[in-house]
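Observations on the three-dimensional arrangement
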Amino acid sequence: MKKILTGILAIICLTHCKDKKESALTPISGISSRIEDEREMHADWSNENTVIVHSISDPDNLHPTNGNSAPRSEIMLLTQRSILYTDFENQSMIAGLVKTSPVASADGLTYIYQLKPGPEWDDKTPFTFEDVLFTAKAYLCPLVNDPAVKTYWRNLKNIIQDENDKNKFQVIMKARNIQNQYWFGSFPVLQRKFHDPGNILANYSLEQFNDTSFRAENEKELSDWANEFNSDKNGRDPKYLNGLGMYKVERWESGQFITLLKKKNHWTENSLDYHEHSFPEKIIYKINKDDNSQQLEFKNQNFDVTNNISMSGFLALNENATFKNNYSSFVSPTYNYTYIGLNQRPKQANRNPLFTDKNTRRAIALSISIEKITKLIYAQYSSQCRQMIANVSPLKKEFNSELQPLKVDLKQAAKLLKDSKWTDSDNDGILDRVIDGRKINFEADLNYLNTSPDWRDMALLISEELKQIGVKINPVPMELKLFIERARSHNFDMMLGSWAAGSFSEDFTQLWHTSNWSNHGSNYSGFGNYLSDALIDSIRTEINMTKRDSLSKELQKIIYEDQPYVFLYTSMRRNIIHKRFANRMIFADRPGTLINPLRLLSINPVITLQNGTTP
């Protein structure tokens, strides 16, 4: 197994795939693949230039700053633009709304950008430096409800416009950081005129928003602006959704569908960059959580694209000759990983203190067979999954290979639980313990998403596994929005989730710094102390890659030993794309495929992407 997977890692790091010929059940192992186009349309294929994308949940919202879900990120690739773009084919950052990638100063603290001509908002006003500065202020404003991403902006010191060129500006950082070069790339830009018609933020500086003594809540105008900006309508009502992207949201029926329409006479219309293509006239994200119904929709050609189908559904469809005649389908590697989060600080939400000591958390990890889980979910593809050992994917260079994967050891798990005073004092089959004079049964809720039978099947298997050691699990399915709300408010015992990760070096602040527990960010489990925070801060500011990787491995070891999560496996993406489209690409990086370059074969069967651009 190790030899095979090491081979996959080498391929991922060093090569790209050629055009992939049809072989539905052959796993893709490269960082990007282009699927060979069909040469002609079949008589029963639709000529409608609409792509219907299967989704399993609504985004948490489409607010420009306040959100944190994969469906949201995927849709915003179509409705928003950013300063830099992710080059999915080459796993790098390239110029987006700027002429070239930024020029860095020798100390790695100052980056010079120059806006490219052409980008304009829907009201035909040009994208300017004013919008760049407003975007930064909006993200940094203490009253904006964006804790999951604000941490990335706290390293920004200032943005200064060039006195002689209004389109040129300097971005000045407080400290060196490996992500300084491309940190703009992940964030959509905002139109000042649309989101701040009264120009309220012009009265405040980035220095003020960086000053911890600044009391934003005492500024009435600023509070009023923030309340309006944070309002739900700015993340859900199409009238209030605005962006530089090629598509606009026409309609959102929660739990059913989101419709995007191609903008007419858009500034990207003649772009050769595949990020800015907009070949489909309409894109519909149609939500369907039912496994059987999803299969029926594909058999009837009512869906065009998914990478959200369950593995069992994927395998069942590939047994159907009609489906295989109409669709290309592949499994491919990702940098995402699946985990069970354990609430280390439950007191704030009045949850029982079940996982507050390290021995108990390690006992849980020693009782869950990851091999059983991967075989349950991925069947014959399970050998393609890598077991997660700590918080960095084994597919990445900075992975600490000295850490040994945990193996199921119920005897050791029982000893650790006994050491932590968990016993079955009343012989009811469930462990119990007296804490603060109160007897507590070891009975935990396991929150999981109701979006796929895969999550349900995993939750049930985990429940059975932990029953062996006297731990009662209550699987609790829930919608994505509630799942995130419970996690942020620390109102959970255990949560079964997955982090979407990319190929770039990681900033561990968002998930593992204690500040992102106290501010209800993404450190859901409450991991960390001042030592781990100091190490995370050092990693963030170290730009020597050898030193940085060494520090990263040290953090991985700390997390491995503290066991805030039961780390499960690196996910495999299930990709299905209808053959009526050309320009079909699959990437290891999220979101896995792009919708906007898909071109109907009937429109022009010979034009396909070459090296990321149309010839």
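Summary of the structure given here. (Residues numbered from 1 in each chain as written. Predicted model: local features only at pLDDT ≥ 70, side-chain atom pairs only at ≥ 80, totals over all residues. Heavy atoms only, no water.)

This brings us to the overall build of the protein. A count of helices and strands for the protein gives 20 helices and 22 strands. For 615 residues, the compact-globule estimate of 2.2 N^0.38 gives 25 Å, and the C-alpha radius of gyration of the protein, at 25 Å, lies within 12% of that figure. For the protein, the proportion of its 615 residues judged to be buried stands at 58%. Put simply, 70% of the contacts in the protein that link residues at least 6 apart link residues at least 24 apart. The positive charge centre, built from 74 side chains, and the negative charge centre, built from 74, are 3 Å apart in the protein. (Helix = DSSP H or I, 4+ residues; strand = E, 2+ residues; numbered from the N terminus. Rg over C-alpha atoms; globule rule 2.2 N^0.38 Å. Buried < 20%, exposed > 50% of the residue type's maximum accessible area, 1.4 Å probe, protein only. Contact = heavy atoms within 4.5 Å. Lys, Arg positive; Asp, Glu negative; His and termini not counted. Charge placed at Lys NZ, Arg CZ, Asp CG, Glu CD.)

What follows is about the side chain of N288. Looking at where N288 falls in the secondary structure, it is placed in the loop between β11 (282–287) and α9 (291–299). In this structure the side chain of N288 is engaged in a polar contact, spanning 2.9 Å, whose partner is the backbone nitrogen of D290. In this structure the side chain of N288 is engaged in a polar contact, spanning 2.9 Å, whose partner is the side chain of S293. Apart from the residues lying within four places of it in its own chain, the contact partners of N288 are H54, S55, I56, S293, Q294, E297 and F303. (Polar contact = N/O pair within 3.5 Å; in protein donor to acceptor, adjacent residues only side chain to side chain.)

So, on to the pairing of β11. Where strand β2 (residues 50–55) meets β11, six bridges bridge the pair, whose relative direction is parallel. When the bridges of β11 are listed, V53 appears paired with Y285. In this structure, strand β10 (residues 257–262) lies alongside β11, joined through five bridges in antiparallel fashion. Bridging from a neighbouring strand, I258 pairs with Y285 of β11. (Pairing = 2+ DSSP bridges.)

Grouped together as the largest cluster of nonpolar side chains are 83 residues, with contacts concentrated most on I340, I364, M494, L496 and W512. Top contributing element to this core by residue count: strand β19 (residues 565–578), with seven residues. For W512, the residues in contact, after removing those within four places along its chain, are Y337, N391, N523, F527, D533, I536, I559, P564, Y565 and F567. Residues Y85, F129, A138 and L156 belong to the second largest nonpolar core, which totals 46 residues. (Core = buried A, V, L, I, M, F, W, Y, C linked by side-chain atoms within 4.5 Å.)

Read from one edge of the open sheet, four strands run β5-β6-β8-β7, paired in antiparallel fashion. If you trace the sheet from one side to the other, it starts and ends with β5 (103–104) and β7 (156–161), each paired once. Here helix α3 (residues 129–140) sits on the sheet and contacts β7 and β8 (168–173); the angle it forms with β7, its principal contact strand, is near 165°. (Axes fitted to C-alpha atoms, helices over the stretch in contact; angles between N-to-C directions.)

Further remarks concern unusual backbone geometry. Note the cis peptide between R590 and P591, where omega equals 10°. The backbone of N583 shows a phi angle near 65°, a positive value even though the residue is not glycine. Structurally, the position occupied by N583 is in the loop between β20 (581–582) and β21 (585–587). According to the relative accessible area criterion, N583 is buried, its value standing at 3%.

Bringing helix α7 (residues 220–230) into the picture now. Listed as buried for α7 are L222, S223, W225, A226 and F229. Along the axis of α7, the buried residues cluster in a sector spanning 165°; they form a single face. Looking at α7, the residues exposed on the side facing more than 90 degrees away from the buried face are K220 and N227. (Arc of directions from axis to C-beta.)

Along α9, the residues classified as buried are D291, Q294, Q295, E297 and F298. An end-on view of α9 places all buried positions within 160° of arc, on one side of the element. Turned more than 90 degrees away from the buried face of α9, the exposed residues are N292 and L296. For α9, the side-chain oxygen to backbone nitrogen distance between the N-cap and N292 is 3.2 Å, and the N-cap itself is D290. Q301 occupies a position one or two residues after α9 and carries a positive phi of about 60°.

Here the focus is the environment of F169. Considering the arrangement of structural elements, one finds F169 in strand β8. Residues F169 and D436, 267 residues apart in the sequence, show an inter-C-alpha distance of 58 Å.

On to the packing of aromatic side chains. Here the structure, examined in full by the defined rule, presents 29 aromatic pairs. Aromatic pair Y139 and F187: ring centres 5.2 Å apart, planes at 65°, arrangement edge-to-face. Of this pair, Y139 sits in helix α3 while F187 sits in the loop between β8 and α5 (192–195); the two residues are 48 residues apart in sequence, bridging distant segments of the chain. The class of F187 is buried, set by a relative accessible area of 9%. Judged by centre distance (5.6 Å) and plane angle (85°), the ring pair of Y378 and Y569 falls under edge-to-face. Here Y569 lies in strand β19 and Y378 lies in helix α13 (residues 370–378), a separation of 191 residues in the sequence. Across the pair, Y569 and Y378 agree in class, each one buried. Members of the aromatic cluster, joined through ring pairs, are Y337, Y339, W499, W512, Y524, F527, Y565 and F567. We note R599 situated over the ring of F279; from NZ or CZ to the ring centre the distance is 3.8 Å. (Phe/Tyr/Trp six-rings, centres within 6.5 Å; stacked < 30°, edge-to-face > 60°. Lys NZ or Arg CZ within 6 Å of the ring centre and 35° of its normal.)

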